Amino acid sequence: FDPEARAASPGALEALGIRLRQGRGFTADDRAGTQPVAILTRSLARAAFGDADPIGKSVSFESGENRIVVGVVEDYREFGPAQAAPQVAFLPYTQGGNLWNATMHGVLKLRGPAPSEHDIRELARDIAPDLAVVGYGPLARNLDGILGPQRMARAFMLAFAAMALLLAAGGVYG
């Protein structure tokens, strides 16, 4: 059993709009030294447990690690609508050990005006002085980057369809 794994902190999945279907999200109690837990996507839970309720069941990874399933979230399309939804196991960031890459993405769900990049860098420095903030921007900018090629292809198709319509109308009425 070797699904894709993602680190998440308490509240991160909610901030990303990934809806919890059953069970619970991560809490501050899910930390190193406590029972290892996981939240699975719906498709991964179905692949691993069929129609059985996965909450409270143990899931074993190829690394030999066993974790208790505490929640199931809706499938989501991580890399845009053209890509299939990945089967993902979310693990508490504080229980990750050596699992994670050197790259970490932070998500802030805000009410009110967005903080400046300077404010974000100050916050990161206060929380983790060794953390380098490489980029900062609204999630919409990331989405624009993912959907940009699809939007461009759609615009070209629309232009060609309009040109074909004009040529056909000219041929019929011309």
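Now for a quick tour of the structure. Being a predicted model, the structure only gives us computed values, none of them experimental. (Residues numbered from 1 in each chain as written. Predicted model: local features only at pLDDT ≥ 70, side-chain atom pairs only at ≥ 80, totals over all residues. Heavy atoms only, no water.)

Considering the overall build of the protein
- Of the regular secondary structure elements, the protein holds four helices and six strands.
- Counting from the amino terminus, the protein carries its helices and strands in the arrangement β-α-β-β-α-β-β-β-α-α.
- The C-alpha radius of gyration computed for the protein amounts to 22 Å, which surpasses the reference 16 Å derived for 174 residues by more than 25%, pointing to a less compact arrangement than a globule.
- Structurally, the protein occupies a C-alpha span of about 80 × 50 × 30 Å along its principal axes.
- Here the protein, with 174 residues, has 24% of them falling under the buried criterion.
- In the protein, 68% of the contacts between residues at least 6 apart in sequence involve partners at least 24 apart.
- Just so you have it, the protein exposes about 11,900 Å², and 57% of that area is on carbon and sulfur atoms.
- One way to put it: in the protein the 17 positive side-chain charges average out to a point 7 Å from where the 18 negative ones average out. (Helix = DSSP H or I, 4+ residues; strand = E, 2+ residues; numbered from the N terminus. Rg over C-alpha atoms; globule rule 2.2 N^0.38 Å. Buried < 20%, exposed > 50% of the residue type's maximum accessible area, 1.4 Å probe, protein only. Contact = heavy atoms within 4.5 Å. Areas by Shrake-Rupley, 256 points an atom, 1.4 Å probe, with all protein chains shown as cover. Lys, Arg positive; Asp, Glu negative; His and termini not counted. Charge placed at Lys NZ, Arg CZ, Asp CG, Glu CD.)

Let's talk about helix α4 (residues 139–173)
- When the terminal C-alpha atoms of α4 are compared, their 49 Å separation across 35 residues agrees well with the 51 Å that a helix rising 1.5 Å per residue should span.
- At L147, α4 shows its largest bend, some 50°, and a proline, P149, comes one to four positions later. (Expected span 1.5 Å × (residues − 1). Bend = angle between axes of the 7 residues up to and from the residue.)

Remarks on the pairing of strand β6 (residues 88–92)
- The element β6 is largely enclosed, with a buried count of five among its five residues.
- Going residue by residue along β6, you find V88, F90 and P92 tucked away on one face and A89 and L91 tucked away on the opposite face as well.
- Relative to β6, strand β1 (residues 4–8) is paired through five bridges, and the arrangement is parallel. Bridge pairing in β6 places A5 opposite A89.
- Where strand β3 (residues 37–41) meets β6, two bridges bridge the pair, whose relative direction is antiparallel. (Pairing = 2+ DSSP bridges.)

Things to note about empty space enclosed by the protein
- Per the counting criterion, the structure on display carries one cavity of 30 Å³ or more.
- One number sums up the size of the largest cavity: a volume of about 40 Å³.
- Lining the largest cavity we find A8, S9, G11, A12, L13, E14, G25, F26 and I39.
- Among the elements that take part in the lining of the largest cavity, helix α1 (residues 12–15) stands out by supplying three residues, more than any other. (1 Å grid on protein atoms, 1.4 Å probe; cavity = no way out; pocket = protein on both sides within 12 Å on 5 of 7 lines; lining within 4 Å. Points joined across faces, edges and corners; volume = space filled by probe spheres on them.)

Looking at the packing of aromatic side chains
- Following the criterion strictly, the structure yields one aromatic pair and no others.
- Arranged with centres 6.0 Å apart and planes meeting at 35°, the rings of Y76 and F90 form a pair that is tilted. Within this pair, whereas Y76 is found in the loop between β5 (66–73) and β6, its partner F90 is found in strand β6, the two being separated by 14 residues in sequence.
- Classification of Y76 by relative accessible area gives buried; the value is 15%.
- For F90, a relative accessible area of 4% corresponds to the buried category. (Phe/Tyr/Trp six-rings, centres within 6.5 Å; stacked < 30°, edge-to-face > 60°.)

What about the pattern of salt bridges?
- All told, the structure shown has nine salt bridges when counted by the stated rule.
- For the salt bridge of E74 with R19, the shortest nitrogen-to-oxygen distance reads 2.9 Å. Within this pair, whereas E74 is found in the loop between β5 and β6, its partner R19 is found in the loop between α1 and β2 (20–23), the two being separated by 55 residues in sequence.
- Taking the relative accessible area as the measure of exposure, E74 reaches 18% and is therefore buried.
- E65 is paired through a salt bridge with R67; the nearest N and O atoms lie 3.0 Å apart.
- Of the residues examined, E65 reaches a relative accessible area of 29% and is grouped as partly exposed.
- Exposure remark for R67: the relative accessible area of 1% places this residue in the buried category.
- Connected through salt bridges with shared partners, the residues R19, R21, R42 and E74 form a single ionic network. (Salt bridge = Lys/Arg side-chain N within 4 Å of Asp/Glu carboxyl O.)

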